[in-house]
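Spelled out from the first residue to the last, the chains are:
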Amino acid sequence: MNPSGNFNLSESVSVNPIGGTATSRTPPPHVPLMFLFSSIIFFGVGGIVTFFYASFLIHDPTDDKSVADVHLYLLGFITMGILGALHQFSPVITLEKLYSIKLAYFTYGLYIIGIILLPLGLILGSEALTAFGGASLGTSIVTVIVNLSRPLLKGKKSVSRLGLRISITYLLITACFGVTFASTHNSFSPPTHLVLAHASFGLIGWAGISYIAVSERLWPMFLLSHVNQAKYGKLAIYFVAIGELILAVGLIISNELIAVAGGLVIGLGILSHLASLLNYIKHRHRKLELLHGYIFTSVICLITSAVMGILAVTLNISWSYKEKLSLLTVVFLFGWLATALIGHLHKIIPFIIWGVLRKHGVTKLKNKKPVMFSNLYLANIAKLSLVFVISSFVCFAIGILQGSVDIVKVAGIFIFASALTGFANLSITPIVLFLRNRGSKTTHGFDVSNRLPNVTSVEKI
Amino acid sequence: MKIKFSKRDENEESNSVTGYKSDKEIIRIAKEALSEIIDPELGIDIISLGLVYDIYLESTKVESQKLSETTELETLVVDMTLTTPGCPVSESLPSQARDYLSEILGPQINVKMNIVWDPPWTPEKMDFTIARAMGLL
């Protein structure tokens, strides 16, 4: 790279054994893909667990079975999805490669073991499984922090890098709480305010800030919207980061006033995040499409979550209603991240797979048109996945408000359906394209048979 | 189309190194080839998108110690940008362009892609007619 920030491709290109030519910064495509596809699977598993243990979610959200389901959603789905995106994007955003590709496999292996054993231990009541699962997840998180340390510490400065540095710190704090809780599961029942602090670190500090940081990079690209400064994004990151710290301190020392103050600062962060989105939409050069349906739904979930939280704090109602509103706050906060993640997966997975297909000579469709990202999934099925996600959160809301186990069971079915359609849609179409086009005679992904005669017709001396 | 050609483009004489009729001819072929590289997200070729800033030829002398001789090498340089720094296709699109140019121009011409961020790309750099037809702008 030269001093002006430009770089010469001939120096930075290396041959990637699986994904075709790529610069040496990005990991092989199967690294992010294994995280991303696994995250969709765990979303579906979470739906199944919701179906079977809906009564626990409604009547005792602190029961181990409810906790198992929550961890499947937040660790299995959200965190694994974000980790997949970070393995792909942090080297691209910061122009610094990961510390080690082998370490990424190690992270993935430990993470999978942990996210299977931890909920299983909680459901079966096995202290050993829970502790081992927690330790495995904790170690995995340490390895991912090491792996991302190079791009996040040495890489190019940006709003996204700032946000990811903060969110990774919160991930570490969340993991410390989690490992402590898991290792002392049967001997020590953590008080609710500490569990809430742990949850807020994970949901807001880690997942929330990560999403805000990554979206500041993805939205200008997907909306073709170029604004000079990501000032609202930067504000959002600072407000949410500071607010989360205040909220967590308030929760840890059981001081309601401090916790509410933290919530208000987070609220300012959310407003800044929404202002950033509006700014990008205002300056966009592309028509609104499927992804924006997902983003708008996620924004509605975020606003609903904030309203529920405000109502839970301000309304003078019975404790049981306060508990329901608090539960809805968390559910819709999860809805914000879940909907946004599924929407972005419909963008991220196709572009990674596109490179893999090119490597295998799949460059043209049946009609001889070049393969686009949008050809790698069926738009109608993606819309169906969105409808399933929306339906699941509507069912969650109604089920929790009415105390209806059956409606929450339906929410679980919708989540499973959304994961199933999403997984099938994002995987089957590329496989079909691959099988249809394999062995096509192309060079570097291009059919040069039509071009070469033109070139050879150029008069040579 | 805002490609600024180098002064060497004015040279209409035959290029003894590449075997092509003229430098201008090489650049014309390169431009034509680049207009077949489609941005897989937007569905528009990189020339119409205004991602290619400059195409020019550079001569470099390569000394071989083994054969103790000096050979002249022609390099086609493409100054190219991307819609956004950190764009997901930032890895694949320039590689794709380079591979295709190498294929088209043959082994006698080396191809170098310079990824430049200054000046940054803006949607105004797009070919207006094509961008409108594609539902952009």
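Throughout what follows, the structure given in this document is the object of discussion. For clarity, every value in this text was computed on a predicted model and none was experimentally measured.

### A short note on the overall build of chain A
Moving on, step 1. Helix and strand counts for chain A come out as 15 helices and three strands.
Moving on, step 2. Here chain A holds 461 residues, and the buried ones make up 56% of them.
Moving on, step 3. Of the contacts formed within chain A by residues at least 6 apart in sequence, a portion of 77% connects residues at least 24 apart.
Moving on, step 4. A total accessible area of about 19,500 Å² is found for chain A, and carbon and sulfur atoms account for 68% of it.

### Re a nonpolar patch on the surface
Residue and element names in this part refer to chain A.
Moving on, step 1. Residues Ile-48, Phe-52, Phe-416 and Leu-420 make up a contiguous nonpolar surface patch of roughly 380 Å² in combined accessible area.
Moving on, step 2. The set of elements that each furnish at least two residues to the nonpolar patch consists of helix 2 (30-52) and helix 14 (405-437).
Moving on, step 3. For Ile-48, the position within the fold is in helix 2.
Moving on, step 4. Judged by its relative accessible area of 35%, Ile-48 is partly exposed.

### Remarks on the packing of aromatic side chains
Residues and elements named next belong to chain A.
Moving on, step 1. Summed over all chains, the structure comprises 20 aromatic pairs over all chains.
Moving on, step 2. For the pair Phe-35 and Tyr-108, a centre-to-centre distance of 5.2 Å together with 80 degrees between the ring planes defines the contact as edge-to-face. Separated by 73 residues along the polypeptide, Phe-35 in helix 2 and Tyr-108 in helix 5 (residues 101-124) bring together distant segments of the chain.
Moving on, step 3. You can call Phe-35 buried: its relative accessible area is 0%.
Moving on, step 4. Lying across the ring of Phe-56, Lys-65 places its NZ or CZ 5.2 Å from the centre.
Moving on, step 5. In this structure, Lys-409 is placed above the aromatic ring of Phe-51, and the distance from its NZ or CZ to the ring centre is 4.7 Å.

### Looking at unusual backbone geometry
Moving on, step 1. For the bond from Asp-118 of chain B to Pro-119 of chain B, the omega torsion is 5 degrees, close enough to zero to count as cis.
Moving on, step 2. On the secondary structure map, Pro-119 of chain B appears in the loop between strand 4 (109-115) and helix 3 (128-133).
Moving on, step 3. A positive phi angle is found at Ser-254 of chain A, which is not glycine, with a value near 55 degrees.
Moving on, step 4. Note that Ser-254 of chain A resides in the loop between helix 9 (231-252) and helix 10 (256-282).
Moving on, step 5. The phi angle at Lys-368 of chain A is positive, at roughly 75 degrees, despite the residue not being glycine.
Moving on, step 6. Along the chain, the position of Lys-368 of chain A falls in the loop between helix 12 (319-359) and helix 13 (379-402).
Moving on, step 7. Given the relative accessible area of 67%, Lys-368 of chain A is considered exposed.

### Let's talk about helix 12 of chain A
Residues and elements named next belong to chain A.
Moving on, step 1. With 41 residues, helix 12 extends 59 Å between its outermost C-alpha atoms, agreeing within 8% with the 60 Å of an ideal straight helix rising 1.5 Å per residue.
Moving on, step 2. Along its length, helix 12 shows its largest kink, about 30 degrees, at Leu-345.
Moving on, step 3. Of all 41 residues in helix 12, 32 are buried, a share of seventy percent or more.
Moving on, step 4. Once helix 12 ends, the next one or two residues include Gly-361, with phi positive near 85 degrees.

### Regarding the side chain of Ser-427 of chain A
Moving on, step 1. Counting through the fold element by element, Ser-427 of chain A comes out in helix 14.
Moving on, step 2. Among the polar contacts listed, one links the side chain of Ser-427 of chain A to the backbone oxygen of Phe-423 of chain A, at a separation of 2.6 Å.

### Some remarks on helix 6 (residues 127-154) of chain A
Moving on, step 1. Here helix 6 of chain A contains 28 residues, and its C-alpha end-to-end distance of 40 Å stays within 8% of the 40 Å for a straight helix at 1.5 Å per residue.
Moving on, step 2. Remark: the principal bend of helix 6 of chain A, roughly 45 degrees, maps to Leu-148 of chain A, with a proline, Pro-151 of chain A, within the next four residues.

### Looking at the packing of helix 8 (residues 192-223) of chain A against helix 12 of chain A
Residues and elements named next belong to chain A.
Moving on, step 1. Interhelical geometry of helix 8 versus helix 12 gives an angle of 35 degrees and a closest axis separation of 11 Å. Regarding helix 8 and helix 12, the two cross each other, and that crossing is left-handed. Here helix 8 contributes Leu-203, Ile-204, Ala-207, Gly-208, Tyr-211, Ile-212, Leu-218, Trp-219 and Phe-222 to the contact with helix 12, which in turn contributes Val-330, Leu-333, Trp-336, Leu-337, Ala-340, His-344, Lys-347 and Ile-348.
Moving on, step 2. Considering only residue class, the contact of helix 8 with helix 12 consists of 14 nonpolar, two polar and one charged.

Rules used throughout
- Residue numbers run consecutively from 1 along every chain, following the written order of its sequence.
- In the order they appear in the text, chains get letters beginning with A and ligands get numbers beginning with 1.
- Thresholds applied to this predicted model are a pLDDT of at least 70 for local features of residues and 80 or more for the giving and counting of side-chain atom pairs; totals over whole chains, interfaces and linings are not thresholded and use all residues.
- Working from all heavy atoms in the structure, the side-chain values ignore hydrogens and water.
- The helix and strand labels rest on DSSP assignments: H or I over at least four residues marks a helix, E over at least two residues marks a strand, and numbering proceeds from the N terminus.
- Only protein chains enter the accessibility calculation, which uses a 1.4 Å probe; a residue whose area is less than 20% of its type maximum is buried, one above 50% is exposed, and one in between is partly exposed.
- For this analysis, residues touch if any pair of their heavy atoms sits within 4.5 Å.
- Here the Shrake-Rupley method, with its probe set to 1.4 Å, supplies the accessible areas, and only the displayed protein chains count as covering residues.
- Any residue with relative accessible area above 30% and no salt bridge may belong to a patch, with like charges joined within 9 Å and the nonpolar Val, Leu, Ile, Met, Phe, Trp and Tyr side chains within 5 Å.
- Criterion for a salt bridge: a side-chain nitrogen of Lys or Arg within 4 Å of a carboxyl oxygen of Asp or Glu.
- Any two of the Phe, Tyr and Trp rings considered here, Trp counted by its six-membered ring, make a pair once their centres fall within 6.5 Å; the pair's planes then place it as stacked at under 30 degrees, edge-to-face at over 60, or tilted in between.
- Put simply, a charge is over a ring when the Lys NZ or the Arg CZ is close to the ring centre, within 6 Å, and near the line of the ring normal, within 35 degrees.
- By this rule, a helix spans an expected 1.5 Å times one less than how many residues it contains.
- Note on bend: the value at a residue is the angle between axes fitted to the seven residues ending there and to the seven starting there.
- Polar contacts, as counted here, are pairs of nitrogen or oxygen atoms within 3.5 Å of one another; within protein the pair requires one atom able to donate a hydrogen and one able to accept it, and residues that are adjacent in sequence qualify only if both atoms are side-chain atoms.
- With axes taken as lines fitted to C-alpha atoms, and helix axes fitted only over the stretch in contact, angles between N-to-C directions fall between 0 and 180 degrees.
- It is the rotation of the near helix from the far one that decides the hand of a crossing: anticlockwise by less than a right angle makes it left-handed, clockwise makes it right-handed.
- For this classification, Asp, Glu, Lys and Arg are treated as charged, while Ala, Val, Leu, Ile, Met, Phe, Trp, Tyr, Cys and Pro are nonpolar and the rest, including Gly, are polar.

So, to be careful, I would describe these as geometric facts and stop short of saying anything about function.
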